[in-house]
Amino acid sequence: MFGKNIYISRREKMKKMVKNGLIIIMGNMESPMSYKDNAYNFIQDSTFLYYFGIDSPDLIGVIDADTGEEYIFGKEFTLDDIVWMGQQKTFKERSEEVGIERFKEKDELLELIEKTKKLNKKIHYTNQYRVENTIFLSELLGVDYKKIDLEFSELLVKTIIKMRSIKSDEEIKELEKATDVTREMHIEAMKNIEPGMKEYELVAILESVAKRYNATTSFHTICTKNGQILHNHCYENEFKSGDMVLLDCGARLKNGYCGDMTTVFPVSGKFTDEQKEIYRLLVAMFEKAEECTKPGVTNRDVHLEVCKVLANGMVKKGILKGSVEKIVEAGAHALFFPHGLGHMIGLDVHDMENFGENRVGYDEETRRSTQFGLKSLRMGKKLEVGQVLTIEPGIYFIPELIEKWKNLELHKEFINYEEVEKYKHFGGMRYEGDFLITENGSRRLGNKMPKYVDEIESIMK
Ligand code: GLY
Ligand code: MN
Ligand code: MN
């Protein structure tokens, strides 16, 4: 948690931007895993964390933009709670720590809503991603639950996105720490992998690094010998010499800030010549993105420049043919890079995507494409100083996709399917880092990560 002035000034800024009405920010409730008292690890809603800082279930933040009054509604601990959970700081005390003088019992919220309705004031709430909160809001506001996500406040959502997109110095420090824990997870994996190990054994080793820092993972770790499966959550395979590990994982600090990195490394500790060749092309894509990522350009243009590097490399290998520009315009390169270059990161690993990918990653100026590959670019809009986003190009040979395109003779003027066949069993590679947009360009967060073949091989020795 930051000092109380940070939360106070964020709420003041929000009030000025929303101007009038009653703002409701829902904290998360516990989410049962198998029965009520056996819940999933509690994750606080990131917007609630941003404005109200308290990492506990069952709280609702309310701000009256007209009067300036601020509240947290919840349930104060009872003696029964203390018997089971030990002595706790009261919610009144915790609310004061974030500058809120009015901690109220949850039942009193309805009264405030009724009063607000009588005054004909606008009630602002955001679109919801947890069904419990949708039902709660539906009952509280007397709105059909199906309408909750149709009648939310676009102004409030836009305000939150605008504020949270630009990271402050203290947030950048936390993101830097999250990136460093993430880095250590990767280095530990590189140092410990050996032929014969199961994927889940490597996961156990690298996730224990996060635990050592009192952190959790920011999303389900991807640790696989089948890197061509983009979000592979299966850990059952055995790593053999000659395989590559694709590791995409991140730490989530206790305070919510997230890291997200991908590396690929050879199980044996030495890349084969073929692996080196593809990996070097991947690094060239990453470095093109590093070079182009700066304020004022759209991330969509950066993505397209990176695609051109891929297309050019593939033309040199005889896998693609024709003009690089035309290949990328047609989207033929997406056979090998079907996802986007990256996304914003912060208190969520895909920051604020609960509000909708397009609201976060696009705007009136930059609209989302429907073309295969480019349509999966989550962040397309113009880059601004203070944003933090991932750069994560990949090169994949996905047998099912290759087969399908080949049978359809898709982009056959650009794709040499005979050559593609030779790589069908190669797998896939991705490399990912977290970047802050600076005045002059961008800066990779965290301590130096191994990137080149010799750097990776030397760590694995
Ligand atoms: N693993 C999710 C991502 O890198 O975006
Ligand atoms: Mn990732
Ligand atoms: Mn990512």
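Residues numbered from 1 in each chain as written. Chains lettered and ligands numbered in written order. Predicted model: local features only at pLDDT ≥ 70, side-chain atom pairs only at ≥ 80, totals over all residues. Heavy atoms only, no water.

Caption draft 1: Quick look at the overall build of the protein chain. Helices and strands together make up the secondary structure of the protein chain, namely 17 helices and 17 strands. Relative to the 2.2 N^0.38 estimate, which gives 23 Å for 461 residues, the radius of gyration of the protein chain is 24 Å and therefore close to what a compact globule would have. Summarising its shape, the C-alpha atoms of the protein chain cover approximately 70 × 50 × 40 Å along the three principal directions. Looking at the protein chain as a whole, 53% of its 461 residues qualify as buried. Excluding contacts between residues fewer than 6 apart, the proportion of contacts in the protein chain whose partners are at least 24 apart in sequence is 72%. (Helix = DSSP H or I, 4+ residues; strand = E, 2+ residues; numbered from the N terminus. Rg over C-alpha atoms; globule rule 2.2 N^0.38 Å. Buried < 20%, exposed > 50% of the residue type's maximum accessible area, 1.4 Å probe, protein only. Contact = heavy atoms within 4.5 Å.)

Caption draft 2: Focus on the coordination of the manganese ion (ligand 3). Donor atoms from the polypeptide that coordinate the manganese ion (ligand 3) comprise Asp260 (OD), His343 (NE2), Glu392 (OE) and Glu432 (OE), at 2.1 to 2.2 Å from the metal. Coordination at the manganese ion (ligand 3) comes from six donor atoms whose angles at the metal span 52 to 158 degrees, giving a geometry best classed as irregular. Motif for the manganese ion (ligand 3), donor spacing along one chain: D-x82-H-x48-E-x39-E. For the pair the manganese ion (ligand 3) and the manganese ion (ligand 2), the metal-to-metal distance amounts to 3.2 Å, and aspartate 260 bridges them. Of this pair, histidine 343 sits in the loop between α13 (324-330) and α14 (357-361) while glutamate 432 sits in the loop between β15 (428-430) and β16 (433-437), and the two are 89 residues apart along the sequence. There is no split in this pair, since histidine 343 and glutamate 432 are both buried. (Donors = N, O, S within 2.8 Å, 3.2 Å for Na, K, Ca; no water. Tetrahedral: all angles 85-135°; square planar, octahedral: opposite > 155°, others 65-115°.)

Caption draft 3: Just the site of ligand 1, in detail. The full set of residues close to ligand 1 is Phe219, Ile222, His231, Asp248, Asp260, His343, His350, Glu392 and Glu432. Within the side chain of aspartate 248, an N or O atom sits 2.9 Å from a nitrogen atom of ligand 1. Contacts to ligand 1 include aspartate 260, whose side-chain N or O atom sits 3.2 Å from an oxygen atom. Grouping the amino acids of the shell around ligand 1 by side-chain chemistry returns two nonpolar, three polar and four charged. (Near = heavy atom within 4 Å. Polar contact = N/O pair within 3.5 Å; in protein donor to acceptor, adjacent residues only side chain to side chain. Nonpolar A, V, L, I, M, F, W, Y, C, P; charged D, E, K, R; others polar.)

Caption draft 4: Broad picture of the coordination of the manganese ion (ligand 2). Surrounding the manganese ion (ligand 2) are the protein donor atoms Asp248 (OD), Asp248 (OD), Asp260 (OD) and Glu432 (OE), which sit 2.0 to 2.7 Å from the metal. Sequence positions of the donors to the manganese ion (ligand 2) reduce to the motif D-x11-D-x171-E.

Caption draft 5: Representation of the pattern of salt bridges in the model. Taken as a whole, this structure holds 37 salt bridges when the rule is applied. A salt bridge links lysine 167 to aspartate 351; the nearest nitrogen and oxygen atoms lie 2.7 Å apart. Here lysine 167 is found in the loop between α8 (154-165) and α9 (169-192), whereas its partner aspartate 351 is found in the loop between α13 and α14, with 184 residues between them in sequence. What makes lysine 167 buried here is its relative accessible area of 5%. The exposure class assigned to aspartate 351 is buried, which follows from its relative accessible area of 2%. Here lysine 177 ties to glutamate 174 by a salt bridge, and the two come within 3.0 Å at their closest N and O atoms. Pair noted here: lysine 177 and glutamate 174 are both in helix α9, with a separation of three residues, about one helical turn. Looking at glutamate 174, the relative accessible area reads 11%, which means it is buried. Connected through salt bridges with shared partners, the residues Arg11, Glu12, Lys15 and Glu70 form a single ionic network. (Salt bridge = Lys/Arg side-chain N within 4 Å of Asp/Glu carboxyl O.)

Caption draft 6: Looking closely at the packing of helix α11 (residues 273-292) against helix α17 (residues 453-460). Two elements in contact, α11 and α17, have axes whose closest approach is 11 Å; the angle formed by their N-to-C orientations is 120 degrees. When the axes of α11 and α17 are compared, the pair comes out oblique. Contacts from Lys276, Tyr279 and Arg280 in α11 reach Val453, Ile456 and Glu457 in α17. (Axes fitted to C-alpha atoms, helices over the stretch in contact; angles between N-to-C directions. Parallel < 35°, antiparallel > 145°, perpendicular 65-115°, else oblique.)

Caption draft 7: Main features of the pairing of strand β10 (residues 244-249). Most of β10 sits inside the fold, with six of its six residues counted as buried. Here β10 shows no split at all, with Met244, Leu246 and Asp248 on one side and Val245, Leu247 and Cys249 on the other all buried. Across three bridges, the pairing between strand β9 (residues 222-224) and β10 is antiparallel. Note that in β10 the partner of isoleucine 222 across the bridge is aspartate 248. Note: β10 against strand β12 (residues 261-266), six bridges, orientation antiparallel. From the neighbouring strand, methionine 244 faces β12, where its bridge partner is proline 266. (Pairing = 2+ DSSP bridges.)

Caption draft 8: Spotlight on the packing of aromatic side chains. Under the defined criterion, the tally for this structure stands at 14 aromatic pairs. Measuring from centroid to centroid gives 5.1 Å for phenylalanine 271 and tyrosine 279, while their planes differ by 40 degrees, and the two rings are tilted. With respect to class, phenylalanine 271 is no different from tyrosine 279; both count as buried. An aromatic cluster of three or more residues is present, and its members are Phe336, Phe397, Tyr423 and Phe426. The lysine or arginine in question, arginine 102, covers the ring of tyrosine 71, its NZ or CZ lying 5.7 Å from the ring centre. (Phe/Tyr/Trp six-rings, centres within 6.5 Å; stacked < 30°, edge-to-face > 60°. Lys NZ or Arg CZ within 6 Å of the ring centre and 35° of its normal.)

Caption draft 9: Representation of α8. When the terminal C-alpha atoms of α8 are compared, their 16 Å separation across twelve residues agrees well with the 16 Å that a helix rising 1.5 Å per residue should span. Those residues of α8 lying buried are Leu156, Val157, Thr159, Ile160, Ile161, Met163, Arg164 and Ser165. Against the buried residues of α8 lie α1 (4-18), β1 (22-26), α2 (46-52), β7 (123-125), α14 and β13 (388-391). (Expected span 1.5 Å × (residues − 1).)

Caption draft 10: Summary view of the sheet that holds strand β17 (residues 442-444). Spatially, three strands are ordered β13-β16-β17 in an open sheet, and the strand pairing comes out antiparallel. Looking at which strands have only one partner, the edges of the open sheet turn out to be β13 and β17. Ignoring which end each strand starts from, the neighbouring axes of this sheet average 35 degrees apart.

Caption draft 11: Representation of unusual backbone geometry in the model. Not every positive phi belongs to a glycine, and lysine 19 is a case in point at roughly 75 degrees. You can see lysine 19 is positioned in the loop between α1 and β1. Assessed through its relative accessible area of 60%, lysine 19 is described here as exposed.

Caption draft 12: Main features of the sheet that holds β1. Reading across the sheet, the five strands line up as β6-β5-β4-β1-β7 and stay open at both edges, with mixed pairing between neighbours. Both edges of this open sheet fall to β6 (102-105) and β7, since each of them pairs with a single strand only. Between one strand and the next, the sheet's axes are offset by a mean angle of 25 degrees, whatever the strand orientation. Sheet topology places β1 next to strand β4 (residues 60-64); five bridges connect them, and they run antiparallel. Bridge pairing in β4 places methionine 26 opposite isoleucine 60.

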